[in-house]
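Structural characterization, general
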Amino acid sequence: MKHIPPPRESTEEAVCPFCGMAIDRPKDPDTYRPGQMPVGRCSSCGAVYAYDISGRNLGAAFVEALVFACNLDWDLAWSLLPEEDYLQQDVARYDVQTHRIVPGGFYEGRKISGTLFFVKLQQDLQEVTQEGVKQKLERAAAVILPPAKEEHTEAVTYSKTEIEELVKAFDIEPILRAVRHDKKTVRHLQ
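Quick look at the structure, then. (Residues numbered from 1 in each chain as written. Predicted model: local features only at pLDDT ≥ 70, side-chain atom pairs only at ≥ 80, totals over all residues. Heavy atoms only, no water.)

1. As for the state of the cysteines
Tallying each qualifying case throughout the model produces 0 disulfides. Free of any disulfide, Cys16 has its nearest neighbouring cysteine sulfur in Cys45, separated by 3.6 Å. With a relative accessible area of 1%, Cys16 lands in the buried category. Taking the relative accessible area as the measure of exposure, Cys45 reaches 12% and is therefore buried. (Disulfide = S-S within 2.5 Å. Buried < 20%, exposed > 50% of the residue type's maximum accessible area, 1.4 Å probe, protein only.)

2. Structural notes on empty space enclosed by the protein
Here the structure, examined in full by the defined rule, presents 1 cavity of 30 Å³ or more. Size it by volume and the largest cavity reaches roughly 60 Å³. Lining the largest cavity are Arg41, Gly46, Val48, Ala69, Val119, Leu121, Gln126, Thr129, Gln130 and Val133. Of all elements in the fold, only β9 (114-121) and α3 (123-139) reach the threshold of two or more residues within the lining of the largest cavity. It is α3 that provides the largest number of residues to the lining of the largest cavity, a total of 4 residues. Along the lines of polarity and charge, the residues of the lining of the largest cavity split into 5 nonpolar, 4 polar and 1 charged. (1 Å grid on protein atoms, 1.4 Å probe; cavity = no way out; pocket = protein on both sides within 12 Å on 5 of 7 lines; lining within 4 Å. Points joined across faces, edges and corners; volume = space filled by probe spheres on them. Helix = DSSP H or I, 4+ residues; strand = E, 2+ residues; numbered from the N terminus. Nonpolar A, V, L, I, M, F, W, Y, C, P; charged D, E, K, R; others polar.)

3. A closer look at the pattern of salt bridges
Taken as a whole and assessed by the stated rule, the structure comprises 3 salt bridges. Measuring nitrogen to oxygen at the nearest pair gives 2.8 Å for the salt bridge that ties Arg110 to Asp95. Highlighted residues: Arg110 in strand β8 (residues 110-111) and Asp95 in strand β5 (residues 86-95), separated in sequence by 15 residues. Ionic pairing is found between Glu131 and Lys134, a salt bridge with its closest N-O pair at 3.7 Å. Residue Glu131 and its partner Lys134 are both found in helix α3; the two are separated by 3 residues, about one turn of the helix. (Salt bridge = Lys/Arg side-chain N within 4 Å of Asp/Glu carboxyl O.)

4. Details of the pairing of strand β4 (residues 48-52)
When you tally the buried positions in β4, you get 5 out of 5 residues, the bulk of the element. The alternating pattern of β4 places Val48, Ala50 and Asp52 on one face and Tyr49 and Tyr51 on the opposite face, and all of these are buried. In this structure, strand β3 (residues 39-41) lies alongside β4, joined through 3 bridges in antiparallel fashion. Directly across from Val39, in β4, lies its bridge partner Ala50. Two elements, β4 and β9, share 5 bridges in a ladder whose sense is antiparallel. (Pairing = 2+ DSSP bridges.)

The structure is reproduced here in structure tokens:
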């Protein structure tokens, strides 16, 4: 029987939902505020985006993107009206490590749940705020990525009791490696 390799996990380029142009990886601003998220700006249309790693704090990501688009002018941000002064859109399943969108939600054994929340101010508002936003992004630091995990290629199998002990210890990595090589591991987990 011929060995058929597993299907490759598909990814898409991270692009701005307003203009379709490629965007840069979000950056950590040089000013610190509690709950602050990495942000970025589309160099083509001027839309600003905030990165929510969990994909569950979209309200906070919206506020972060809107306030950053207003060059951190909170009074201006709260005086704006949706659809009239700005447009908003989110892009789900963004992976900051690869800087790509993962439609399936899983990539190389990792669950991808990050979201980019975009806010695009109307042109007249962008003219007032865009220089300050650009300067803040120039001073921003690159997002620190977690170190890549070493991939073990040797086949690993565990007994039902060993799987039970790993689960009790919340040690998921060995289980994930075992699942790739031994289909019984899933039955043992059940």
